[in-house]
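Single-letter residue listing:
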Amino acid sequence: MRAALVGYSSSEEEEEEEEGGRRGGGAQGPPRASAGRPRLPVPAGLPGDPEPEEAVSDDSSRHGGRVRGFPHERGSWATHVYLPYRVQEEFLELLELLVSRARTYVSSLAVMEEFHLSLSQCVVLRYHWIDPFVRSLKERLASFDRFFCVADQVKVYTNQNKTRTFIGLEVSAGHFQLLELVSEVDRVLEEFGLPTFYKDPSFHISLAWCVGDLSGRLEGQCLRELQDIVDGFEDSALLLRVQWEQIRCKSGNKYFSFPLR
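These numbers come from a predicted model, not from an experiment.

A separate point is helix α1 (residues 89-102). Look at α1: 20 Å from first C-alpha to last across 14 residues, which is about the 20 Å you get at 1.5 Å a residue. Every buried residue of α1 is listed here: F91, L94, L95, L98, V99 and A102. Buried residues along α1 cover an arc of 130° about the axis, so they all sit on one side. Residues of α1 that are exposed and point over 90 degrees away from its buried face: E89 and E96. In this structure, the buried side of α1 is in contact with β3 (110-111), β7 (164-173), β8 (204-211), α4 (215-218), α5 (221-232) and α6 (236-239).

Given below as structure tokens:
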């Protein structure tokens, strides 16, 4: 089985890239075309612009071999909409078992610094569009209630340029509610002329990553062993039934939260 594609970066960089991917593996489908009318770009250097930033080095050796998904541009803020996952102690125990086993196949695997489920790609916003973008998100998402989903299927993913490989837990129940959220987030993206999410997303929580396309080592026998660990873990059915309580938007170094009702 080919690894599904995702588009990741690092939370240490100012770009938390999206995690899409086709369900059940296979090649990534293209993002949906934006039907909305794009707004006119804001000229750079307007009053109130943030102070010019120092030149950003894209030296991947400083970030564990991670490669920036798009070039850094002053006044442009990498923006990502997602559901943050609140980690429980039992989840960390399961995570340790999974990563320990997977490292027997790929020793360079590293645990994710944070855990979430993406509702958008990583897109680029001009500084002056951040506030209206966040206001529009708040309006679109205000009517959504808290809901549960189950993320219990181990999958292997790669980013779009195949410079990183990931192990994640794919959602097996709750897909419809997630698609409803994505639909509203897409409407906001279209309003700003930005790329929408993937047509057939593989909603998942990434657990670990490594540099390069090492999906061939992690699929097959390794993937089966990891799934056996999940299936045999005590109370895994309850542990991996996740209640989502808020949506978050990260734009550069700014975070905005939208509580679900």
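Axes are the key here: two packed helices are described by the angle between their axes and the distance separating the axes. Contact geometry for helix α2 (residues 130-141) and helix α3 (residues 175-191): axes closest at 10 Å, N-to-C directions at 150°. In terms of orientation, α2 lies roughly antiparallel with respect to α3. Regarding α2 and α3, the two cross each other, and that crossing is right-handed. On α3, the residues touching F133, S136, L137, R140 and L141 of α2 are L181, E184, V185, R187, V188, L189 and E191.

Moving on, we come to the packing of aromatic side chains. The full count for this structure, using the stated rule, is eight aromatic pairs. Here the aromatic rings of Y85 and F91 are separated by 4.9 Å at their centres, their planes lie at 65°, and the arrangement is edge-to-face. Each of the two residues, Y85 as well as F91, counts as buried. When the centroid spacing of 5.9 Å and the interplanar angle of 75° are considered together, the rings of W129 and F192 count as edge-to-face.

Position of S172 among the secondary structure elements: in strand β7. Residue S172 is classed as partly exposed on the basis of its relative accessible area of 45%. Between the C-alpha atoms of S172 and A151, which are 21 residues apart in sequence, the distance is 5.8 Å.

Grouped together as the largest cluster of nonpolar side chains are 68 residues, with contacts concentrated most on L119, F133 and W244. L119 has contacts with V81, Y82, L83, L178, L181, V182, V185, F197 and I247, leaving out every residue within four places of it along the chain.

Here the focus is the pattern of salt bridges. When charged atoms on two side chains of opposite charge get close, those side chains can pair. In total, this model carries seven salt bridges according to the counting rule given. Salt-bridge contacts for R101 lead to E225; the nearest nitrogen and oxygen are separated by 3.3 Å. Here E225 lies in helix α5 and R101 lies in helix α1, a separation of 124 residues in the sequence. Among the residues examined, R101 registers a relative accessible area of 34% and is labelled partly exposed. Residue E245 pairs with R146 through a salt bridge whose shortest N-O separation is 3.9 Å. Residue E245 is found in the loop between β9 (241-244) and β10 (246-251), and its partner R146 is found in the loop between α2 and β6 (147-159); the two are separated by 99 residues along the sequence. Through salt bridges that share partners, R86, R146 and E245 make up one connected network.

Rules used throughout
- Residues numbered from 1 in each chain as written.
- Predicted model: local features only at pLDDT ≥ 70, side-chain atom pairs only at ≥ 80, totals over all residues.
- Heavy atoms only, no water.
- Helix = DSSP H or I, 4+ residues; strand = E, 2+ residues; numbered from the N terminus.
- Expected span 1.5 Å × (residues − 1).
- Buried < 20%, exposed > 50% of the residue type's maximum accessible area, 1.4 Å probe, protein only.
- Arc of directions from axis to C-beta.
- Contact = heavy atoms within 4.5 Å.
- Axes fitted to C-alpha atoms, helices over the stretch in contact; angles between N-to-C directions.
- Parallel < 35°, antiparallel > 145°, perpendicular 65-115°, else oblique.
- Left-handed = near helix turned anticlockwise from the far one by under 90°.
- Phe/Tyr/Trp six-rings, centres within 6.5 Å; stacked < 30°, edge-to-face > 60°.
- Core = buried A, V, L, I, M, F, W, Y, C linked by side-chain atoms within 4.5 Å.
- Salt bridge = Lys/Arg side-chain N within 4 Å of Asp/Glu carboxyl O.

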